[in-house]
Amino acid sequence: MSAFDREFTAIDAATAARLDYGDEYRALRTAVRRWARERIAPELDAWEAAGRLPRSFFTDAGALGMLGFAVPERYGGPGLRDYRCHAIVVEEIARIGAASCAVAVSLQNDVVLPYLTDLASDEQQARWLPGVASGERVLAIAMTEPGAGSDLAGIRTRARREGDHYVIDGAKTFVSNGQNADLFVVAARTAAADEAGAADRRGGLTLFVVDGRTPGLVRGRNLAKLGLHAQDTSELQFDAMRVPAADRLGAEGEGFGQLVHHLPQERLSLAAGAVAAAEGVLVYTLEYVRGRTAFGQPLAKFQNTRFVLAELATGLDLARTYLNDCIAEHLRSALTPARAARLKWWTTELQTKVADRCLQLHGGYGYMREYRVSRAFADARIQTIYGGTTEIMKTIVAKDLDL
Ligand SMILES: Cc1cc2nc3c(=O)[nH]c(=O)nc-3n(C[C@H](O)[C@H](O)[C@H](O)COP(=O)(O)OP(=O)(O)OC[C@H]3O[C@@H](n4cnc5c(N)ncnc54)[C@H](O)[C@@H]3O)c2cc1C
């Protein structure tokens, strides 16, 4: 058994005990792990060079049963509402350092699909859900705008009702899966903030599900980024885009509440990816410091190396326990927004620290693209920003403390 497998087997055993994983979960974890190592890892450089994932990535994931767990059987899914499956998929992909792929899969399973399974009518589900579990239909969510990120109440994209359609004008940015997506959940204003009441800036937001081929939807640049090079994070433009009123999710003005309701699961998945990615880079670094010598001895023999890695391993133990606790709470529908916020900021900040310290232990080689730790460092940096920044998470926690 390799050092990687030894470490991960121990982590998985602790997780399995805590979360009551049976054989079927172990089989899923083994299948995702094999897929990640054999099919993703060898392709990652090419996908990064292309700036996006190929569509075959999604259909492969679908064929292996890793997408759309919550899609009912009549629409091609297993109809399984069990977050443990989601966590296993994200963790195994993040552990090998394929963060762009983890983001893509997490959007499909954890972030966007819940809007469709929880909020769409039967008639809407019949139109939107087929193809999600097979990976033939890729999902994305477009909330952020050039002028509104943390402050979602500042969204300016406008949806004007015209008969049985809405006409939507505006611009979105930083949309993950933006080039690949077939369906976008779009947040737009059906009433100006002041119409909704000056005291209620959050009113007047409404969600729509928009087909990627809708006339007036213009896919803009696939943005160049510090990391996540295989993610097609994109700009979108809506120029008098006509969306049938039948494609509205819920009622007008419910958008803000719908977004806030679904954010804890997104944050839980970001934390699962953060902990797993950091575990992966730590194990990789343990191997490196055992093999590299300086001053006639392995790096692993220097007290600094030992203390740094001991500290990171301890932090990751805590993070894993905390994460598993939050997953258990989520399985009981008891994960609060404040607890998800605590978990998200703490684990993602830890991930950036682990990646940074591990890169340092690699010396100059850590700065080279061909070393996995450099990708881990660049990919980790966004984790404390998207899905709600560390600062916004702390405002949620502080509010929960009645501050
Ligand atoms: C790679 C990537 C992928 C993304 N994917 C998506 C996606 O798929 N869909 C989508 O809709 N969005 C996506 N986003 C957008 C992401 O969620 C936002 O970037 C994030 O919410 C922060 O918003 P902002 O960039 O406008 O920063 P700002 O809101 O302008 O924040 C700038 C700084 O000010 C701080 N700040 C803001 N408000 C406060 C406050 N009240 N108190 C203290 N500090 C504050 C922030 O913490 C931050 O440090 C993505 C972003 C990136 C970079």
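In this text the structure is predicted, and so the values were computed from the model without any measurement. (Residues numbered from 1 in each chain as written. Predicted model: local features only at pLDDT ≥ 70, side-chain atom pairs only at ≥ 80, totals over all residues. Heavy atoms only, no water.)

(A) Looking closely at the domain arrangement of the chain. Splitting the chain by domain gives domain 1 (3-128), domain 2 (139-253) and domain 3 (257-400). A straight line from the C-alpha centre of domain 1 to that of domain 3 covers 19 Å. Contact residues are listed per partner, giving 32 residues for domain 1 and 30 residues for domain 3. Taken together, the two surfaces of domain 1 and domain 3 that pack against each other cover about 2700 Å², and 61% of this comes from carbon and sulfur. Run the count over domain 1 and domain 3 and you get five salt bridges. Between R375 and D45 there is a salt bridge, and its shortest N-O distance comes to 2.8 Å. Where domain 1 touches domain 3, the interface holds 10 residue pairs in polar contact (both at pLDDT 80 or more). Of all the secondary-structure elements, those providing two or more residues to the side of domain 1 that touches domain 3 are α1 (3-19), α3 (44-50), α5 (83-95) and α6 (99-119). (Domains from an automatic or database assignment. Contact = heavy atoms within 4.5 Å. Buried area = accessible area lost by both parts, 1.4 Å probe. Salt bridge = Lys/Arg side-chain N within 4 Å of Asp/Glu carboxyl O. Polar contact = N/O pair within 3.5 Å; in protein donor to acceptor, adjacent residues only side chain to side chain. Helix = DSSP H or I, 4+ residues; strand = E, 2+ residues; numbered from the N terminus.)

(B) Main features of the packing of helix α2 (residues 23-40) against helix α4 (residues 55-63). For the pair α2 and α4, interaxial distance at closest approach is 12 Å and the crossing angle is 150°. Relative to α4, the element α2 lies roughly antiparallel. In this structure, the crossing between α2 and α4 has a hand that is right-handed. Of the residues in α4, those touching α2 at W35, R39 and I40 are F57, D60 and A61. (Axes fitted to C-alpha atoms, helices over the stretch in contact; angles between N-to-C directions. Parallel < 35°, antiparallel > 145°, perpendicular 65-115°, else oblique. Left-handed = near helix turned anticlockwise from the far one by under 90°.)

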